[in-house]
Amino acid sequence: MELILFLIIGLTVIGAGMMVILTKNPVTSALYLTLAFFGLAALYVLLGAPFIAALQVMVYAGAIMVLFLFIVMLLNLRDKQTWELTTGMRRALGLVVAAGILLVALAAMKGLVSPPAPLDTDMGSPAAVGLALYRRFLLPFEVASVLLLIAIIGVVAMLKQKSPEQAPEGGGTDGRT
Amino acid sequence: MAFSYSDLFVIAPEIILTALALVVIFVELAWPRCEAALQAICAVGILLAGAAAAISLGVQTTAGFGSASFLNGMVAADGFSVFLKVILATIALLIVLISRSYFSNAPNQPTENIGEQKSASLVSRLRHSDYYSLILLTTVGMMVLASATDLVALFIGLETMSVGLYCLAGIRFERVRSSESALKYLLLGAFASAFLLFGIALIYGATNGATNFKAIVDALQGSFSSGISLLEPAPAMKGTPLLLAGIGFLLIGLLFKIAAVPFHFWSPDVYQGAPTPVTAFMSAGPKAAALAVFIRLFGWVLPGLSTVWAPMLWLIAALTMTVGNIIALAQTDVKRMLAYSSIAHAGYLLLAILAAGNPQVREAAAAGMLFYLTIYYLMNIGAFAVVYIINRARENSDYQIGDYYGLAAKQPWVAGVLALCLISLAGIPPTAGFFSKLYVFSAAVKAGYIGLVVIAVLNSVVSVYYYLRLVVYMYMRPLEKPLAARLTPTTAVALMICTIGILGLGLLPGGLMKQAQTGAAQIELPVPTVE
């Protein structure tokens, strides 16, 4: 039962991921990405991590995707406008590289004779996640906040230089809050 | 206990720099337009951070060396990481010094598509504190990366460093070159980070859920007791395909960050487009931090698998040196030439990683690498600082070699510093560049990579041509255009530090080398205390 569910969800995620890069329309791409995120959340549930699954839905499928869609719509791309970056040669090269990575991944999985050690059933609970963040991964957790600070300062510094004509309407996007 | 009071000593440099970044922002909010004060605050704070790193080592040594495990084994507090933190703090200090008035008065800097008048008003909207705090926070990321002993800390340190560098590369957003450079770096860097993360995930799977370096060593040796001494030569390990694939992906991510050859395509464009002080930062800091974790990982965690990764790295090192030097020969843009030269130097430094795969010489290799990195940032920052001065004096936005014709007649001191840096980069004896190559190459010879060292020496000979070509142009060609280079006092101080460093360490390399050897001998892998 679990295997069947895994196969269905896994194939959905892969299919949605493919569609993200195959569709020409950016809005459709973004919607397929949402589907992929929901699929990933379902996979987390299957792995026994409901809290991570909830976060995945809230943060990625919710907040980040809405942001994506807003930006895509603000960019005001017409339907005809597509990205013609790929030539036949590049496409072939990309295919070769992708096939190579797939081969490496398959070879890596071949060595797995026994399944990995089972995890605690409590592993995905909010309490367990919190404990892992604040005890085992305390330093990376704190450094992540430095990372976010850099991102904020960087965005503000870059956007401030845009000339008034170039900046989108509404002073709020200026970064000065 | 996951956290104790003594842990604060270990990350004191990072804490000081983070606090400093916030202080800088608020200082400029309260007193706008006082770049000198900001610079002074940054310089004092960075010196404090460097001192804190040294003191933390002293505190730890008195507390009993080697027994302690800080912050749950995420970062090492050994002599090696302290040495690197001091290097990184000095890099940040030099960059802060040479960045003076980069944003305030840039009348000579034409922009490609925006009028002169408007550009001046735009530039004035950028606050200095944004730039300085980004430099400081990026240095925090580098310090975490350089001292990481856990794959999670490695990744987060690497990303903090990279995101800071993307922002710094694009800090002149209104210029096409700068924003192009930032975008290229961001897209390719994100791709490389994905590879690195995939590698970490595979290693996590292959070692039964280990991310800590020591735990990985234990898992690979098949015993989960921590009684094995690190000083013993690691037994030959047979990696599972999963582990090997993970190491391969990890290798790709790290090699991208140091711009080794199959993954170097971003580097000349990014170096050229980024503001010159940022380019100096990029060429020195990330390389030092990434190579530090590289040598710790491959020399101390995965030496047992060196039969697998050494041939790959051998080829990459040879390619990196050769391609970097050969392409540098054809460059007429000085910034691009220095970019290719830094690719070539990454190739020389990979020799140290290779040598570290041999447990008998790994300490010599790590010491040689520390010495090399110290000299390398002095030479590179010195050279880029001069490039920056000349570019500001000229009325153009590129860095053509013609700008340097007859520089020595007009600006003897500036030309002298650049000549010294270039001679040192070429590795000619009276300068420190010679000893840095000597130590790394001799470690590689001891480890048995004689063929590769021959390639490296031949490459050094090739590199002499393009370094000295610039020196010859500066001294032998007549001055073509009038030149009004203005040397700010802080830049002069930075150039002086570089000059004294290159000459002093070239004449008396023993003291620093001894320090580097002590640092390398103390490399340890702390054990996680919480599961």
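Here the structure is a predicted model, which is why all the values come from computation and not from measurement.

### Points about the overall build of chain B
A count of helices and strands for chain B gives 21 helices and zero strands. Relative to all contacts within chain B whose residues are 6 or more apart in sequence, the contacts with residues 24 or more apart total 84%.

### Digging into the overall build of chain A
Looking only at helices and strands, one finds six helices and zero strands in chain A. When the helices and strands of chain A are placed in sequence order, the string is α-α-α-α-α-α. A burial count over chain A gives 25% of its 177 residues as buried. Pairs at least 24 residues apart make up 55% of the contacts formed inside chain A by residues separated by at least 6 positions.

### Things to note about the packing of helix α1 (residues 2–22) of chain A against helix α2 (residues 26–46) of chain A
Residue and element names in this part refer to chain A. Between α1 and α2, the least distance of the axes is 8 Å, while the angle of their chain directions is 155°. Classified by the angle between their axes, α1 and α2 sit roughly antiparallel to one another. In this structure, the crossing between α1 and α2 has a hand that is left-handed. Contact residues: α1 offers Glu2, Leu5, Phe6, Ile9, Thr12, Val13, Ala16, Met19 and Val20, while α2 offers Ser29, Tyr32, Leu33, Leu35, Ala36, Gly39, Leu40, Ala42, Leu43 and Leu46. Residues that form the contact of α1 with α2 fall into these classes: 15 nonpolar, three polar and one charged.

### As for a nonpolar patch on the surface
The grouping of Leu55(A), Met58(A), Val59(A), Tyr60(A), Ile64(A) and Phe68(A) at the surface amounts to a nonpolar patch, some 500 Å² of accessible area in total. Looking at the element boundaries, Phe68(A) is found in helix α3 (residues 50–75).

### Focus on the nonpolar core
Phe294(B), Phe298(B) and Leu350(B) are the most contacted members of the largest nonpolar core, which has 206 residues in total. Sort the elements by how many residues they give to this core and helix α15 (residues 362–393) of chain B lands first, with 22 residues. For Phe294(B), the residues in contact, after removing those within four places along its chain, are Leu251(B), Leu254(B), Leu255(B), Ile258(B), Gly299(B), Leu313(B), Leu350(B) and Ile353(B). Residues Ala108(A), Phe195(B), Ala245(B) and Phe249(B) belong to the second largest nonpolar core, which totals six residues.

### Looking at the confidence of the model for chain A
The pLDDT averaged across chain A works out to 79; a share of 79% of its residues lies at or above 70. Low confidence marks residues 163–177 of chain A, where pLDDT is under 50. Its contacts with residues over four positions away, or in another chain, come to 11 contacts.

### Here we look at the packing of helix α17 (residues 412–426) of chain B against helix α20 (residues 489–507) of chain B
Residue and element names in this part refer to chain B. One can describe the packing of α17 onto α20 by two numbers: an axis separation of 10 Å at closest approach and a directional angle of 40°. Looking at the two axes, α17 sits oblique to α20. In terms of crossing hand, the pair formed by α17 and α20 is left-handed. Contact with α17, carried on its side by Val417, Leu420, Cys421 and Ser424, involves Leu495, Thr499, Ile502 and Leu503 of α20 and no other residues of that element. In terms of residue class, the contact of α17 with α20 is made up of six nonpolar, two polar and no charged.

### What about the pattern of salt bridges?
Opposite charge on two side chains permits pairing when their charged atoms draw close. All names here are of chain B. Applying the stated criterion across every chain, the model contains six salt bridges over all chains. Residue glutamate 180 is joined to lysine 184 by a salt bridge in which the shortest nitrogen-to-oxygen separation is 3.0 Å. Residue glutamate 180 and its partner lysine 184 are both found in helix α8 (residues 176–206); the two are separated by four residues, about one turn of the helix. Using a relative accessible area of 39% as the deciding quantity, one classes glutamate 180 as partly exposed. Look at lysine 184 and you get partly exposed, because its relative accessible area is 29%. Put simply, arginine 336 and aspartate 269 hold a salt bridge, and the shortest N to O gap is 3.1 Å. A residue pair is termed long-range when its members are at least 10 positions apart, and arginine 336 in helix α14 (residues 334–356) and aspartate 269 in helix α11 (residues 266–273) qualify at 67 residues. A single network of salt bridges, built from pairs that share partners, joins Glu180, Lys184, Asp269 and Arg336.

### Section: the packing of aromatic side chains
All names here are of chain B. Summed over the entire model, instances satisfying the criterion amount to 18 aromatic pairs over all chains. Pairing tyrosine 166 with tyrosine 185 gives two aromatic rings, centres 5.1 Å apart and planes at 85°, and the pair type is edge-to-face. Highlighted residues: tyrosine 166 in helix α7 (residues 151–169) and tyrosine 185 in helix α8, separated in sequence by 19 residues. Residue classification places tyrosine 166 among the buried positions, given a relative accessible area of 7%. With a relative accessible area of 2%, tyrosine 185 lands in the buried category. A network of ring pairs unites the aromatic residues Tyr166, Tyr185, Phe256, Trp266 and Tyr271 as a single cluster. Directly above the ring of tyrosine 405 sits arginine 477, whose terminal nitrogen or CZ lies 4.9 Å from the centroid.

### Overview of the domain arrangement of chain A
Domain boundaries assigned for chain A yield domain 1 (1–76) and domain 2 (125–161). One C-alpha centre belongs to domain 1 of chain A, the other to domain 2 of chain A, and the line joining them spans 23 Å.

### Considering the environment of Ile153(A)
Topologically, Ile153(A) is positioned in helix α6 (residues 138–159). Dropping the residues within four chain positions of it, Ile153(A) is found in contact with Ile25(B), Asp130(B), Ser133(B), Leu134(B) and Leu137(B).

### Things to note about the side chain of Ser342(B)
Residue and element names in this part refer to chain B. As for its position among the elements, serine 342 is in helix α14. Judged by relative accessible area, which is 0%, serine 342 ranks as buried. Those residues within four positions of serine 342 in sequence are excluded, and the remaining contacts are Tyr271, Lys287, Tyr376 and Asn380.

### Observations concerning the confidence of the model for chain B
All names here are of chain B. Looking at chain B, the pLDDT average stands at 83 and 88% of residues meet or exceed 70. Mean pLDDT across the secondary structure elements of chain B bottoms out at helix α5 (residues 116–123), with 46, and peaks at α7, with 93. Note on residues 105–123: pLDDT under 50 across the span, and 35 contacts to partners over four residues away in sequence or across chains. Complex prediction metrics read pTM 0.87 and ipTM 0.86.

Definitions and cut-offs
- Residues numbered from 1 in each chain as written.
- Chains lettered and ligands numbered in written order.
- Predicted model: local features only at pLDDT ≥ 70, side-chain atom pairs only at ≥ 80, totals over all residues.
- Heavy atoms only, no water.
- Helix = DSSP H or I, 4+ residues; strand = E, 2+ residues; numbered from the N terminus.
- Contact = heavy atoms within 4.5 Å.
- Buried < 20%, exposed > 50% of the residue type's maximum accessible area, 1.4 Å probe, protein only.
- Axes fitted to C-alpha atoms, helices over the stretch in contact; angles between N-to-C directions.
- Parallel < 35°, antiparallel > 145°, perpendicular 65-115°, else oblique.
- Left-handed = near helix turned anticlockwise from the far one by under 90°.
- Nonpolar A, V, L, I, M, F, W, Y, C, P; charged D, E, K, R; others polar.
- Patch = residues over 30% accessible without salt bridge, like charges linked within 9 Å, V, L, I, M, F, W, Y side chains within 5 Å.
- Areas by Shrake-Rupley, 256 points an atom, 1.4 Å probe, with all protein chains shown as cover.
- Salt bridge = Lys/Arg side-chain N within 4 Å of Asp/Glu carboxyl O.
- Core = buried A, V, L, I, M, F, W, Y, C linked by side-chain atoms within 4.5 Å.
- pLDDT = per-residue confidence, 0-100.
- Phe/Tyr/Trp six-rings, centres within 6.5 Å; stacked < 30°, edge-to-face > 60°.
- Lys NZ or Arg CZ within 6 Å of the ring centre and 35° of its normal.
- Domains from an automatic or database assignment.

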